[in-house]
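Secondary and tertiary structure notes
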Amino acid sequence: MTGITLDEYILSYSDEEGVLLSALNRDANVNLLRPRMLSGHLQGRILKMFCRMLRPRRILEIGTYTGYATLCMAEGLEEGALIHTLEINDEMEDFIMKYLPRSPHKEKIKLHFGDALEIIPTLDETFDLVFIDADKRLYAEYFDLVFPLVRQGGLILADNTLWDGKVLEKPHPSDKQTAGILSFNDKIKEDTRIEKVILPLRDGLTMIWKK
Ligand SMILES: C[S@@+](CC[C@H](N)C(=O)[O-])C[C@H]1O[C@@H](n2cnc3c(N)ncnc32)[C@H](O)[C@@H]1O
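Below, the structure is looked at part by part. The structure displayed is predicted, hence computed values, not measured ones.

Rules used in this analysis
Residues numbered from 1 in each chain as written. Predicted model: local features only at pLDDT ≥ 70, side-chain atom pairs only at ≥ 80, totals over all residues. Heavy atoms only, no water. Near = heavy atom within 4 Å. Polar contact = N/O pair within 3.5 Å; in protein donor to acceptor, adjacent residues only side chain to side chain. Areas by Shrake-Rupley, 256 points an atom, 1.4 Å probe, with all protein chains shown as cover. Salt bridge = Lys/Arg side-chain N within 4 Å of Asp/Glu carboxyl O. Helix = DSSP H or I, 4+ residues; strand = E, 2+ residues; numbered from the N terminus. Buried < 20%, exposed > 50% of the residue type's maximum accessible area, 1.4 Å probe, protein only. Pairing = 2+ DSSP bridges. Arc of directions from axis to C-beta. Patch = residues over 30% accessible without salt bridge, like charges linked within 9 Å, V, L, I, M, F, W, Y side chains within 5 Å.

With that settled, consider the site of the ligand. Around the ligand sit 21 residues in total, of which Ser-39, Gly-63, Glu-87, Ala-116 and Asp-133 are the nearest. Take Ser-39: an N or O atom from its side chain is 2.6 Å from an oxygen atom of the ligand. At 2.6 Å from an oxygen atom of the ligand is found a side-chain nitrogen or oxygen belonging to Glu-87. In isolation the ligand exposes 600 Å². Once the protein is present, 92% of that is buried.

Okay, structure coming up:
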């Protein structure tokens, strides 16, 4: 008996999140309304590891929130690589700018404020990695918009695809977020242009590989 939980054990045997991200995480938990939205220590280290393994040159993140996941992915990128991260809520700017400029990887991040549905068509890029993590009602739309911009062999990650287990229940008619995740998951299941697997990490992270 060690007196710690399995989650604590996993974190204690994985890399630390570091001083900057740990301060961001604490600040978000004290001062923001929905701190659970940020990726957190374990998923953050996994996103960094994906970047180490895949060595993407161009990343698109849809839904910045605090910039936690952005900073994690930037840590795993090589020099000259770039993340475009999109956030609709410009009230997050002060929080994001408290931390992003302090990262030694800040040059690898381009932050855009506005609606992803409007910004994505203006991005003149081909992406190696896309992280979909914004409005759950719009996941299918983000996917359709971004798919032509992903190179063959590129990876799309979609967060929260188990949606707190609600994917197993019939959604209440007013619950548009659960309905959005359900229709996204159905769409991905049927799409023959991709290979996919749901990682049972945190709230479900779907990995989608473009053939
Ligand atoms: C779950 S949080 C993102 C968390 C972040 N990716 C992380 O892992 O730390 C979702 C964010 O998406 C933003 N968002 C929602 N709809 C959006 C849209 N259409 N375009 C851009 N951002 C959007 C929200 O304002 C919110 O800050």
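Here we come to the pattern of salt bridges. For the structure shown, the criterion picks out 13 salt bridges. Of the charged contacts in the structure, one is a salt bridge between Asp-27 and Lys-98, with a shortest N-O distance of 2.6 Å. Of this pair, Asp-27 sits in helix H2 (residues 19-31) while Lys-98 sits in helix H5 (residues 93-99); the two residues are 71 residues apart in sequence, bridging distant segments of the chain. The buried category is assigned to Asp-27, whose relative accessible area is 9%. On the basis of relative accessible area, Lys-98 is assigned to the partly exposed category, the value being 42%. Lys-48 is the partner of Glu-75 in a salt bridge, and the nearest nitrogen-oxygen pair spans 3.3 Å. A residue pair is termed long-range when its members are at least 10 positions apart, and Glu-75 in helix H4 (residues 68-75) and Lys-48 in helix H3 (residues 40-54) qualify at 27 residues. Looking at Glu-75, the relative accessible area reads 18%, which means it is buried. Salt bridges sharing partners connect three or more residues here, namely Arg-45, Lys-48 and Glu-75.

Let's shift gears to the pairing of strand S7 (residues 205-210). Successive residues of a regular strand alternate their side chains across the two faces of the sheet. In terms of burial, S7 is largely enclosed, as five of its six residues are buried. Both strand S5 (residues 150-159) and S7 contribute to a ladder of five bridges, which runs antiparallel. Considered in S7, the bridge of Leu-155 is made with Trp-209. Counting the residues between successive antiparallel strands, the hairpin from strand S6 (residues 194-199) to S7 contains five residues, one of them, Arg-202, with a positive phi of roughly 50°.

On to helix H7 (residues 139-146), then. It helps to recall that an α-helix has 3.6 residues per turn; residues three or four apart then point in one direction. Turning to H7, its buried residues number three or more, namely Tyr-139, Tyr-142, Phe-143 and Val-146. An end-on view of H7 places all buried positions within 100° of arc, on one side of the element.

Turning our attention to a nonpolar patch on the surface. Taken together, Ile-4, Leu-6, Tyr-9, Ile-10 and Tyr-13 make up a surface patch of nonpolar side chains, about 540 Å² in accessible area. Given the relative accessible area of 33%, Ile-10 is considered partly exposed.

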